[in-house]
Amino acid sequence: MTAARSINADVAEALEEAKANYAKVNPKSRGVHQKAVASLPGGNTRTGIFFDPFPIAWERGEGARLFDADGHDYIDFISEATAGIYGHSHPEIRKTVEKRLALGWNLGGHTALEGELAEILIDRFPSIERVRFVNSGTEANMFNLQIARIATQRPAVMGFNGCYHGGFLTFTAKTNPLNVPFETVVGTYNDVEGTRALIQKNAGRIAAVILEAMMGGGGCISASLEFLKMLREETKKHGIILILDEVMSSRLSPGGLQQLTGVIPDLTSLGKYIGGGFSAGAFGGRADLMDLFDPRKSDHLPHSGTYNNNVFTLSAGITGLGKVYTKEAAKDLNARGDGLRKRLNAVCERAGVGMQYIGIGSMLCVHMQRGEIRRPEDTVNGNAKLRELYFFDLLAQGIHVMPKRGLIALSLPLTDRDFDTLVAGVEEFISARRSLFD
Ligand SMILES: Cc1ncc(COP(=O)(O)O)c(C=O)c1O
């Protein structure tokens, strides 16, 4: 499905042409979007997956393949922004869900499933002594932050510029008007001494420091060990709760980045794939903090949620983590991801263009620039339009990566041959667009 291309004078012109080609070969997707515009704002109910001129309408998925309304198929390198680690319709998970279907699914009470999935998470993630389930990563972070505010009796939350922790909680230069009205202290990612000083100055009002040890949606920028260790040391010293948002990064080792770095937070937020591909979230950590929710105590904190223990998420999660994304599978997928990232970077280096892939294991992100990237501020001069063009050019080759943000999240059914296709696709992009690089 390679689209026709001409030699373009600049990136903007090339992008316009790529979008026009995309529109030409996707009339049914356009129709689906146009119809939805009448009933959904902009025809969309999830901002992060929208792209101009209109998004692809997916019809089905199988393994690591996606099929759209216009009859095209793509290799899926997004894997539902990390949640789809099992690929589409994994046979083991499907079997589990079919079994649950036969047993009924709105039981309105406890089952053995919540305890079983909780045990698996406690075994995997070093910080988690007790855990509770929710339906999204956003909720997990919100509960963790509220535990910290209640336990410390302090109002403020510290996060880092450019970091995303859910629909109500972003720490961006331009404040998100939907943010929960917490007092915030905003630091600079990987700025060890600046952050130390900020914590010391505001210690009396900071309840929690929240961060991802590798910014997932923020471009796969990793926190340095020195930065993480400083945060652990300062938060401990000042009685601040350290929250590690592992909604995405928990897939990067059998026990997440906390296991890989050895920096153990007080509380951890989980989500995405832990429910086997169904709506999922979990928050957990130190027993003394989590036991504030023990309903047997007269002064317990309330934590409700109709679908917190829904049987599809829990049973699919148990099969997923227990039988499919086992500790061994986690090690293997991340080692394969490290290898892929190296191959892609070798292609960029050989071509001598300002383009690089950063990340850890099964999560990687392209940046159209040279030099080390230590924080989102380092990417402001990156070539965003060239990255958008990269998305459309790979799409025309049947390869689906994250629009605009360039995230690649690997799933288990992706084969070495799929990796070869991606590497060849990137080579083709660079060779066709070489004149558009700075
Ligand atoms: C690091 C991080 N935290 C929290 C969230 C929010 O999770 P959810 O979309 O399940 O609410 C996301 C979602 O992408 C995320 O990447």
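Residues numbered from 1 in each chain as written. Predicted model: local features only at pLDDT ≥ 70, side-chain atom pairs only at ≥ 80, totals over all residues.

Novice: How should I be thinking about the sheet that holds strand 17 (residues 399-400) in this particular structure?
Specialist: Strands pair in a sheet through their backbones, by hydrogen bonds, and they do so in one of two ways: parallel or antiparallel. Taken together, the four strands give an open sheet; going across it, the order is 1-2-3-17, and neighbouring strands pair in mixed fashion. Each having just a single partner strand, strand 1 (58-62) and strand 17 make up the two edges of the open sheet. One ladder, built from four bridges, connects strand 1 with strand 2 (residues 65-68); its direction is antiparallel. Bridge pairing links Glu62 to Arg65 in strand 2. (Pairing = 2+ DSSP bridges. Helix = DSSP H or I, 4+ residues; strand = E, 2+ residues; numbered from the N terminus.)

Novice: For this particular structure, what's the right way to read the pairing of strand 15 (residues 356-360)?
Specialist: Put simply, side chains in a regular strand alternate between the two faces of the sheet. Pairing of strand 15 with strand 16 (residues 363-367) involves five bridges; the strand directions are antiparallel. Looking at strand 16, one finds that Tyr357 is bridged to Val366. Taken together, strand 15 and the strand that follows it, strand 16, pair antiparallel across an intervening segment of two residues, in which Gly361 is found at a positive phi of about 50 degrees.

Novice: Before we go on, may I ask you to explain the site of the ligand in this structure?
Specialist: Close to the ligand lie 16 residues; Ser136, Gly137, Thr138, Gly166 and Val247 are nearest. Among the elements that make up the shell around the ligand, the one with the highest residue count is helix 5 (residues 137-152) (three residues). Class assignment for the residues of the shell around the ligand results in four nonpolar, ten polar and two charged. (Near = placed C-beta within 6 Å. Nonpolar A, V, L, I, M, F, W, Y, C, P; charged D, E, K, R; others polar.)

Novice: Explanation requested: helix 3 (residues 91-103) in the structure shown.
Specialist: In an α-helix there are 3.6 residues to a turn, and that puts residues three or four apart on one side. For helix 3, with 13 residues, the first-to-last C-alpha span of 19 Å sits near the 18 Å given by 1.5 Å per residue. Among all positions in helix 3, only Ile93, Thr96 and Val97 are buried. Projected down its long axis, helix 3 shows its buried positions confined to an angular sector of 95 degrees, all on one face. Turned more than 90 degrees off the buried face of helix 3, the exposed positions are Pro91, Lys95, Glu98, Lys99, Leu101 and Ala102. Where helix 3 is buried, its residues contact helix 10 (311-324). In the stretch just after helix 3, Gly104 is the one whose phi turns positive, near 90 degrees. (Expected span 1.5 Å × (residues − 1). Buried ≥ 20, exposed ≤ 12 C-beta atoms within 10 Å, placed from the backbone. Arc of directions from axis to C-beta. Contact = placed C-beta atoms within 7 Å.)

Novice: Could you clarify how one ought to interpret helix 13 (residues 416-433) in this entry?
Specialist: Under the 1.5 Å per step criterion, the end-to-end length of helix 13 is 26 Å for 18 residues, consistent within 8% with the ideal 26 Å. Close packing links the buried residues of helix 13 with helix 1 (11-25), strand 3 (73-76), helix 11 (327-351), helix 12 (384-396) and strand 17.

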